[in-house]
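Structure assessment
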Amino acid sequence: MDKYNDQELVLSAQNGDLAAFETLVRQHGPALYAFIYRLVGDPTDADELTQETWVKAWRSLSGFKGKSEFKTWLFRIGMNLTFNWKKRRKPVEELTELLPGSSNNEPVTVFEQKRREEVVKAALAQLPPDQRTALVLNIYEGMSYREVAEVMGRSVRAVDALLFRAKANLRQILIPARRKGIV
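Here goes a summary of the coordinates provided. This is a predicted model, so every value here is computed, not measured.

Brief notes about the overall build of the protein
- Tallying secondary structure elements over the protein gives nine helices and zero strands in all.
- Walking the protein from its N terminus toward its C terminus, one meets helices and strands in the order α-α-α-α-α-α-α-α-α.
- In the protein, of all internal contacts separated by at least 6 residues, the share reaching a separation of at least 24 is 61%.
- Taken as a whole, the protein presents about 10300 Å² of accessible surface, with 52% of it coming from carbon and sulfur.

Some points on the environment of V40
- Structurally, the position occupied by V40 is in helix α2 (residues 18–40).
- Along the sequence, V40 and W85 sit 45 residues apart, while their C-alpha atoms lie 9.5 Å from each other.

What about the packing of aromatic side chains?
- Summed over all chains, the structure comprises eight aromatic pairs.
- Between the aromatic rings of F64 and W73, the centroid separation amounts to 5.0 Å while the plane-to-plane angle is 50°, which identifies the pairing as tilted.
- When its relative accessible area of 10% is taken as the criterion, F64 is described as buried.
- By way of ring pairs, the aromatic residues F21, W54, W58, F64, F70 and W73 are connected into one cluster.

A closer look at the pattern of salt bridges
- In the structure shown here, the tally under the stated rule is four salt bridges.
- Residue R154 pairs with D130 through a salt bridge whose shortest N-O separation is 2.2 Å. Of this pair, R154 sits in the loop between α7 (145–152) and α8 (156–173) while D130 sits in helix α6 (residues 129–140), and the two are 24 residues apart along the sequence.
- On the basis of relative accessibility, which here comes to 33%, the residue R154 falls in the partly exposed class.
- Where E150 meets R146, a salt bridge forms, and the shortest distance between an N and an O atom there is 2.5 Å. You can see E150 and its partner R146 sitting in helix α7, four residues apart, about one turn around the helix.

Cut-offs used in this document
Along each chain, numbering runs from 1 in the same order as the chain's sequence is written. Two thresholds apply to this predicted model, a pLDDT of at least 70 for residue-level local features and 80 or more for giving and counting side-chain atom pairs, whereas whole-chain, interface and lining totals are computed over all residues. Values reported for side chains reflect all heavy atoms of the structure, with hydrogen atoms and water molecules removed beforehand. The helix count covers DSSP runs of H or I at least four residues long, the strand count covers runs of E at least two residues long, and both are numbered beginning at the N terminus. Should any heavy atoms of two residues lie within 4.5 Å, those residues are considered in contact. Exposure was quantified through the Shrake-Rupley algorithm and a 1.4 Å probe, taking into account, for residues, occlusion by the shown protein chains and nothing else. Each Phe, Tyr or Trp ring (for Trp, its six-membered ring) is paired with any other whose centre lies within 6.5 Å, and the angle between the two planes then decides the class: stacked below 30 degrees, edge-to-face above 60, tilted in between. Think of it in three bands: with a 1.4 Å probe and only protein chains considered, a residue is buried below 20% of the maximum accessible area for its type, exposed above 50%, and partly exposed in between. Whenever Lys or Arg places a side-chain nitrogen within 4 Å of a carboxyl oxygen from Asp or Glu, that contact is recorded as a salt bridge.

Okay, structure coming up:
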């Protein structure tokens, strides 16, 4: 998804070309869904929030000036909608983060994988929302510090501090699991 291609597609979509917008949805949809899913932990909620993000993006597209990449603009919309949704929900859902799956389908391996997933899910849920979001965007979505800063509306320096604290907190939270050999 190169920036030039996105710029052309956005310009066409701003001029009413639905096919161009559909291409943007196909290109960025899976990553947007994965990001939101990691924040809410439920596939149905993630699907609804992803759809809501696309609707808002379509309605706001005329205001997109290209000062940031389309993906960071889109993820910021998704992040804001998700945070607002979480504020309205009680209790707040935990973040679900799946570790890479094993190619070995032995029952013991599957059990250990599920156990690791639950430990990581619980650990990530203990992080403050800003730290969790910065970590998901940087590590799982592969965004640079600059891109994370754009999505979160923070400075690069603030993102650096958030990620430093998030990693330190996660290491601390996972100490008991490491001692037990779970992660």
